Each structure stands twice: as structure tokens, then as C-alpha cells.
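Survey of secondary and tertiary structure
Residues per chain, in single letters:
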Amino acid sequence: MQANLAVNLWDRMWFMGFSRSLESSDYSRRLAMATAGFLCCWMVGAAGSVAVGQNSSDRLAPLLQQAIDRGVEYLKRQQKPDGAWTDFPPHTGGVSGLCTLALLTAGVPADDPVIQRALRRFRQFEPNKINSTYSVSLQTMVFCRADPSRDAALILRNVQWLESVQVKDGPDRGGWSYPGFGMRADNSNSQFALLALYEAERVGIRVSDETWKNARDYWEGSQNPDGSWGYRKGLEGTGSMTCAGIGALVIAYAMVRVPNAAVVGDRVECCQPAKDENDRIGRGLAWLARNFSVRQNPGARDTWLLYYLYGLERVGRLTSQRFIGPHDWYREGSAFLLELKTRRAGGDEAGRLAADYWVGPGQSGTGEDDPAIATALALLFLAKGRRPIIAAKLKWGDETAWNAHRNDLGNLTEHVEKAWKMDLGWQVVDLLAATVDDLRQSPILYFGGSRSPLPGDPAARQTLAAKLRDYLDRGGFIIAEAVCGQGDFDQGFRQLLELAFPEPEYRLRLLPPEHPIWRAETAIAPEHLRPLLGLDFGCRTSVVYSPPPERGQASLSCLWEISRAGRELRFAGAVQSQVDAALSLGTNILAYATNRQLSYKYEFFDQPSGGPQEVGRRNRLAVAVLQHPGGCTVAPRAVIHLLEAAQQELGLRVDLVKYDIAITDESLFDFHLAFMHGRNAFRLTPEERRRLKLFVDRGGMILADAVCASRAFADSFRLEMQAILPEHPLEPIPADDDLLRPVYGGFDLRTVTRRDPQPNGPREPTADILRRVPPELEGVRIDGRWAIVFSPYDLSCALEKQQGIGCQGYIPEDAARIGLNVLLYSLQE
């Protein structure tokens, strides 16, 4: 097939060169050289695509998904008919609870028969008869995750039991222990009890403040001077127990500490100083960073290694840290778990793919030599990758500059989790230390502060501005806010934006009342509308800025801070309505920015880097981007993203440079494929029309789309094509045409998914519906080939992954596949 592709390509390039040589005497020589290089590019790329296909397992993301899927299937097969797994006394139901929790965390739905059998069995057990902190805690977590409304009474019963067995006196007051051990608490039992109580609070079962305060005191008192925790007070620190201590304090502090905002009567006081600051969590993280490993349990070597990794996942999630010290803990841990399974299976590719379960590397008798326990713990770590990161809070300067409200984004995220009924995460990212690739792992950056974020050094200012521009250029979204009434954040942020966007067309403007942000999920009542500024970049508003609040008004960050997700307080009517409106507006902004289309964490592992790429057209596939007056700069990286997909999915050697080519430019004829998009009405000059006709007559091909289904652009494009090629009218491309089938090595696109906005009233939420439909493409056929392919529905914003609410078009995956099919077709027809 590749030989035929090469011959077809040579024929097409020769024809284009012959026709152009009538105008340029040296063109044939240059074309021959270009064709030879391009032919080499295609042959190398085609060969490369075979190699990629053979070695696709080297990509981490599909391996992780496969590992999760195989682990899930293994645990399902190990379940007994009565709904149990093999349990070990004295923890009746303990292993069963661990396995069920792992399956639920890995995405198995609560109505799955395996989960239902387990739940029926758990509902038969009473805490007093189980008499195990581990078992009751795991059972509680399962109830909270599976069907908390159905099992609310059982969750409450278990919470009351756990509170009753908390150590009440002595040096271990506030901890939990094994049955029969009385007041001798340990940090392993204590962390499971705390995790269960935390999950109960998250589903609305209130735990007493006394329980939380005693737990806080216990964990503070059991920390070693070096920042670590051991199995009990005074014992040498280990990785697993230090993770337990960090996670436990994060939870306890969230429940009992005073927020950075307060309600006094009908007034909200924002940016209050922290009253309970200590550095115990920071000391624990510092110890973990100094002793970090994913190959051993620090301080305990191979003992309970998988148990430690489960704790490490919790530390990263609860502290919202992507890095522990310099370590990307999830990436390193995931790679090790894949290696561990491969090693057990013999180390070869076949063994890796055949391995269904894990066994811990440590000594026997710890429990991790049991495949069910080991696999459950591994899944609980890996399933972190199934919790999409919805936003990152930018860290810069000292904490008072960027973290005036410590719980703001966390509370909003928990609110959205409940509204969307999906697990979500957020993280803190150091703005100055992070690369563009680091930032890209979060679809939204929350950039709030009270002081100017501008560095003092002019060169550092330019670097920071370029970093933010590059992030937005790659589909990112920024929510910025001056969180306190005083300070110079407003002035500094505006200057930073001007450095990032010196072009006069990119300026902050007041969002109009009809903007989708005001009603993306919930229509904001008129009395709660606040000034929001937006910067339109690419296919949508990409920066939303909330300026300093007006006198008597609280910032969004402040209102999110007092919402206390999981422990909701009801305030006086006027204050509560502000809190509700702020949560709704925050949810609207997140929905607008993401369209609820979020990526699993591990999907970022295989994405092309946003940094410098090897470029240059020698031996590489390049695409021209046609310049025209119809809004040709709306989606500046659409073609780059398409070429990245060609490189990653098809193994082609591509030139990742955006070639903006005027239609009348001679260099247009150096390309075989041109891309054209826009969202405005336009009119071409007679010379531009002549050049486009010459381009397609010589064998060139044009792919065009109307951004967000712009009627103005579509109408203009059809009129121009009619004027340019009156003898070859646009016609519908049949859904079963070779262009839309895998005839040329592409994809079967006879049915695709399209996003269609639904009209609503001005006070009603905006809604989009996903429909499975045949692709609606139009084309111009010349001499039996499609010379022009036009989509009246959006491709470009989907390629940039910037489809805002109301942008009608194909979802990103199908937009890319349509583009790839056209690209492959253009190389062969």
C-alpha cells in the first residue's frame, strides 16, 4: 500500500509542478527536489507509523488504562458467590471492603452486579459484631461511594460506632486501635477511621467537632521532631505512616480550622489572617520529599510498599500537590507499578500484557503477598489518574499574596463534584517554576491575589507573560481575581496581560449580559450580577477577570471560602444568597471553560510537549493556512494540533510550524493541502479567486470549516466557491464515501458525535446536546477527486479544544479524525 501511496503522491506533485513550470522556469528543478524530500518524508513517516503501531505499548496512558481494566477484571473474578473476597480474621469484611472500594474508585458503577453483591453482604454486618476499625471504616467508605442516599442510615450507624471507639483518655487520646487493645492507638487504624469519617462528612453525615479536635490533637502529638510519623508515637518514621499523618491532618484541619473569611451579621469579612497556622503538614511533606521513593516504603524498605503508595496518592490528592519535592509522584508511581507487574510476569511484552494482578515485592506475611489485597491497593493508587484535574491554583510570592483564602478553590471543586456527580481534583502549581507543559495539565488556572504578580525584573516579566500566552495559545483558560479590596493586584495583572497580548484587539472588556457564563449551568439572578471582564482569544473568552469588589461586596474567592463544602452552614438570607450565587457563577465559569469535557490525569503523559519542537519542512508534511478577511486568526493552533495528531496517531513526520500564506503568495503552490477557517463574512478579490482556482486545478486540496458553525462565514464561503468554480458546485459528501472510511489508513467516520446547542430563554441555563450523526460535509469534486472539503460545523475550535458552550460542531476526537482522513486522502488522490 505504501508503494502505491508513493506513486500517487509522485504523480500528483509532478502534475502540479508541470503546470506551474509554465510560469516559473526554475520551478521544475525546485519541485523535483521538494518532491523527493516530501516523498522521503512520507515513506519514512509511513514506515514510522508501522513502528509506532508495533511499539504503541511504550505509551504510558494506554498501558495504565489497560492495567486498571485488567486489575478490575481480576478482582471481579475473585469475588465469591456470596459477595465476599477472602477475608482474614479478625477483620471480617476487611479485604472485601478494600476490594469493593478499589473497584468503585476505578470506575465500576454502583449498579454493577459485583458491587451489588458486595453491598448486600455488607448490609448484613453490624459494627459491634464486626468489631474491627479497619472493616467498619472500609465498609463506611464503600457505602459513601456507592449509594449514600440508600445507605444513609447505615453510614450514620457506622459513624456513631467509630466515634464511640475513639480513644477517650491517656496519651493516645483521639486515636483508634485494634479490638481489645483499649487505649493503645496506632496510626494505621487511626487513619482508616479518619478516612471513613471524612467520606461520611462529604455525603452529609455530620461528625462531632469533639471527634475532629481530638483526632487533630492525636496526630499533632504523634508527629516526630523530623516531621515524620511512625506506626505509634515515638517510633521511627516510615513513608506509609507519614503519608497517613499528612492526610489525617489535612482532613482534621479542614473540619475544625477557622476559615480566612467570616460572617458578621449580614456582612462578610474577607481576607482574614489565619488563626491556626502551623507547619506540621509542611514538615511532613518536607520529610517525604527528602526520603521520597516509589520503589520502597521509606524507613520500611519493601514492607507494605503498595500500602505506602496508596497513602502517597492520598497525600497528593488531599494537599493538591502535583509534585512532592521535585518528584511527579503519580507519574513515577504509575511507571513503577507497571514495571512491578511486568517483572512478576517475566519482564517481556507478552508478560506485561498478560498480567492481570499485582503481588507486593516485600516479605510474605504482610498481606501484600495476597494478589487481591495487592491489586486493590495498586488500583487505589492508579485510579487517581481517573480523577480529572479541573483547575490549578497558581502559587507565586509568599502565601499571603496568592492564598488569602486557603479553601476557596477546594470548596468550589467539591461543590462542582456534587453538581456534576463526578470525581474531580484540583492542584497547586508554582507559577514561576512551572513549565507550559505543567500548566497544560490543568484546563483552568485560578490566578488570584492581593498584591501585584509582576516580577521586579523586566526580563522575568516578559518570560512570565510569554508563559501565560503560550498556555492560553494551547487551549488553556484563566480565572483571575483581585480577592481583597486593598492591594495592587489589579494594576499588576492588567500590566501582565498587556505584556502577554500587546496586540490592540486583545483587551479586557466587560462581559455582556448575554454571555454564556451568566447562565452556562444556572442563570444568575440580576441582583447578583457583578462586573466581570473577559479577554477573547481564539475561539472563546479565554481570560475572565473579576476586578476588586465594590464597596460592601465580597469577592468570589471569599464567598467560596465560607461555603465550607461538606459542612455547609446556612447564613442570614442576604449572605446565603451571595454564597449560592458565587458558587453558581463559579460552576458556570468552569462549565464554560471545559464544557464538562475533562481528561484523565494519565492522558497528559503522552501528549506532545508544548515546548520547542523539531521543525523545518525538509522531509516533513506541512500545511498552508490561508489568510483571508473572514476571521482567519480565530483558532491559531488548529492546524498545529491536527499535525500533532498526525504525528502521534499516524506516525507521520510533520512540520509543526504554522505557515500563514496569503492566497496570492507564490509559496502557496509549495503546499499540497491548504486549511481555511473563519467566523465572519468575507469577500475575496478577483486575483485571490484566480489563485485558488489555479491551486485546486493543479491538484491542491483545501480543507475549510465555519468556526462554531458561523452562518456568516459559511454563506460567504459557498458564494466564493460558486464564483471560483462555477462548473464544479459544492455538493454533499456521502457518509459512505471513501474519504470517511478507513480506506486510506484513517478512521471509519460514517457516524460521528456533534455538539448542538439548544435555544433557551434569557434566564434559563445554556444547554448543549451531543448527537451521534453522519458527518455533514460538502465538497467540490474535480476529475473524480475531492478538491475542496468544507464543514459547515466547527472543526477548528474542537481541534484547539476550545469549544465553548454554544459552539456547534464536532467533538475534538471526531474533528481530529475528520482532519486526519482528509490529510491522508490528500496524499493519495
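Preceding this section is the structure that the text describes.
Computed from a prediction, not measured in an experiment: that's the story for all the values here. (Residues numbered from 1 in each chain as written. Predicted model: local features only at pLDDT ≥ 70, side-chain atom pairs only at ≥ 80, totals over all residues. Heavy atoms only, no water.)

Attention shifts here to the overall build of the chain. Regarding its fold elements, the chain presents 28 helices and 21 strands. Out of the 829 residues belonging to the chain, those deemed buried represent 58%. For the chain, the proportion of contacts with a sequence separation of at least 24, taken over those separated by at least 6, is 73%. Accessible surface computed for the chain: about 32,200 Å², of which carbon and sulfur atoms make up 52%. (Helix = DSSP H or I, 4+ residues; strand = E, 2+ residues; numbered from the N terminus. Buried < 20%, exposed > 50% of the residue type's maximum accessible area, 1.4 Å probe, protein only. Contact = heavy atoms within 4.5 Å. Areas by Shrake-Rupley, 256 points an atom, 1.4 Å probe, with all protein chains shown as cover.)

Two numbers describe how helix H3 (residues 60-78) lies on helix H16 (residues 371-382): the axes approach to 10 Å, and their chain directions differ by 140°. Judged by the twist between their axes, the crossing of H3 over H16 is left-handed. Touching Leu64, Ala67, Ile68, Gly71, Val72, Tyr74 and Leu75 of H3 are Pro371, Ala372, Thr375, Ala376, Leu379 and Leu382, all from H16. Across the contact of H3 with H16, the residue classes break down as 11 nonpolar, 2 polar and no charged. (Axes fitted to C-alpha atoms, helices over the stretch in contact; angles between N-to-C directions. Left-handed = near helix turned anticlockwise from the far one by under 90°. Nonpolar A, V, L, I, M, F, W, Y, C, P; charged D, E, K, R; others polar.)

So, on to the sheet that holds strand E19 (residues 778-782). Pairing within the open sheet is mixed, and its 7 strands lie in the order E13-E12-E14-E15-E20-E19-E16. Each edge of the sheet is formed by a strand with only one pairing partner; in this case those strands are strand E13 (659-662) and strand E16 (731-732). Across 5 bridges, the pairing between E19 and strand E20 (residues 785-791) is antiparallel. Directly across from Glu778, in E20, lies its bridge partner Phe790. This element, helix H26 (residues 711-724), spans strand E14 (673-678), strand E15 (701-706), E19 and E20 of the sheet and lies at about 155° to E20. (Pairing = 2+ DSSP bridges.)

The mixed open sheet is built from 7 strands, whose spatial order is E6-E5-E7-E8-E11-E10-E9. Each edge of the open sheet carries a strand with a single partner, namely strand E6 (425-430) and strand E9 (509-510). Direction of pairing for strand E5 (residues 389-395) relative to E6: parallel, over a ladder of 6 bridges. Paired with Ala391 across the bridge in E6 is Trp426. Strands in contact with helix H20 (residues 458-473) are strand E7 (444-449), strand E8 (477-482), strand E10 (533-537) and strand E11 (540-546); relative to E8, the strand with the most contacts, it is inclined by about 135°. Contacting E7, E8, E10 and E11, helix H21 (residues 489-500) runs over the sheet at an angle of about 160° to E11.

Most of E14 is tucked away, with 6 of its 6 residues classed as buried. Burial of E14 is two-sided: the residues Leu673, Phe675 and His677 facing one way and the residues Ala674, Met676 and Gly678 facing the other way are all buried. For strand E12 (residues 624-627) and E14, the ladder comprises 2 bridges, and the chain directions are parallel. Bridge assignment links Val625 to a residue of E14, and that residue is Phe675. Looking at chain direction, E14 and E15 are connected through 6 bridges and run parallel. The residue of E15 that forms the bridge with Met676 is Ala704. The parallel pair E14 and E15 is bridged by helix H25 (residues 686-697), and the resulting crossover is right-handed. (Right-handed = clockwise from strand over helix to strand, strands pointing away.)

The subject of this paragraph is the pattern of salt bridges. Overall, the coordinates contain 41 salt bridges when judged by the stated rule. For the salt bridge of Lys76 with Asp112, the shortest nitrogen-to-oxygen distance reads 3.1 Å. Linking Lys76 in helix H3 with Asp112 in the loop between helix H4 (94-105) and helix H5 (113-122), this pair joins segments that are 36 residues apart in sequence. Looking at Asp112, the relative accessible area reads 14%, which means it is buried. Arg771 is the partner of Asp756 in a salt bridge, and the nearest nitrogen-oxygen pair spans 2.8 Å. With Asp756 in strand E17 (residues 752-758) and Arg771 in strand E18 (residues 767-773), the pair connects residues that are 15 residues apart, well separated along the chain. Look at Arg771 and you get partly exposed, because its relative accessible area is 33%. Through salt bridges with shared partners, a single network forms among Glu199, Arg202, Arg387, Glu414 and Glu417. (Salt bridge = Lys/Arg side-chain N within 4 Å of Asp/Glu carboxyl O.)

Here we come to the packing of helix H10 (residues 209-221) against helix H11 (residues 239-256). It is the contact of H10 with H11, at a shortest axis distance of 9 Å, that shows an interaxial angle of 145°. Relative to H11, H10 is oriented so that their crossing is left-handed. In this structure, H10 uses Asp209, Trp212, Lys213, Arg216, Trp219 and Glu220 to contact H11, whose residues at the interface are Ala244, Gly245, Ala248, Leu249, Ile251, Ala252, Tyr253, Met255 and Val256. In the contact of H10 with H11, the residues fall into 10 nonpolar, 1 polar and 4 charged.

What follows covers the state of the cysteines. Scanning all chains against the criterion turns up 4 disulfides. Paired through a disulfide, Cys708 and Cys807 show a sulfur-sulfur distance of 2.0 Å. With the S-S dihedral at roughly -95°, the linkage between Cys708 and Cys807 falls on the left-handed side. Of the two residues, Cys708 is situated in the loop between E15 and H26 and Cys807 in the loop between helix H27 (796-799) and strand E21 (809-810); the sequence distance between them amounts to 99 residues. (Disulfide = S-S within 2.5 Å.)

In terms of nonpolar packing, the biggest core is built from 100 residues, with Leu75, Trp212, Leu288, Leu309 and Leu312 touching the most fellow members. The leading source of residues in this core is H11, at 11 residues. Excluding its chain neighbours within four sequence positions, the residues that come into contact with Leu309 are Val294, Phe336, Leu337 and Phe381. Counting residues in hydrophobic clusters, the runner-up holds 75 residues, among them Ala401, Ala404, Leu472 and Val579. (Core = buried A, V, L, I, M, F, W, Y, C linked by side-chain atoms within 4.5 Å.)

So, on to the pairing of E15. Within E15, 6 of the 6 residues are buried, leaving the element largely enclosed by the surrounding structure. As paired strands, E15 and E20 are joined by 4 bridges and run parallel to one another. Counterpart to Asp705 in the pairing with E20 is Ser791.

A word on H11. Here H11 is 18 residues long and its end C-alpha atoms lie 26 Å apart, about the 26 Å a rise of 1.5 Å per residue gives. Across the 18 residues of H11, 17 count as buried, placing the element largely inside the fold. (Expected span 1.5 Å × (residues − 1).)

Per the stated rule, a full pass over the model turns up 28 aromatic pairs. On the basis of an interplanar angle of 70° and a centroid distance of 5.2 Å, the ring pair of Tyr134 and Phe192 is categorised as edge-to-face. Highlighted residues: Tyr134 in helix H7 (residues 133-146) and Phe192 in helix H9 (residues 187-202), separated in sequence by 58 residues. Across the pair, Phe192 and Tyr134 agree in class, each one buried. Where Phe447 meets Phe489, the ring centres are 5.8 Å apart and the plane angle is 80°; that geometry is what we call edge-to-face. Remark: Phe489 occurs in helix H21 and Phe447 occurs in strand E7; sequence separation between them is 42 residues. (Phe/Tyr/Trp six-rings, centres within 6.5 Å; stacked < 30°, edge-to-face > 60°.)

The next subject is H3. Taking 1.5 Å of rise per residue, the 19 residues of H3 would be expected to cover 27 Å, and the 27 Å separating its terminal C-alpha atoms lies within 8% of that figure. Three or more residues of H3 are buried, namely Leu60, Ala61, Leu63, Leu64, Ala67, Ile68, Gly71, Val72, Tyr74 and Leu75.

In this structure, Glu731 sits in strand E16. Leave out the neighbours within four places in its chain, and Glu731 touches Leu777, Glu778, Gly779, Arg781 and Trp786.

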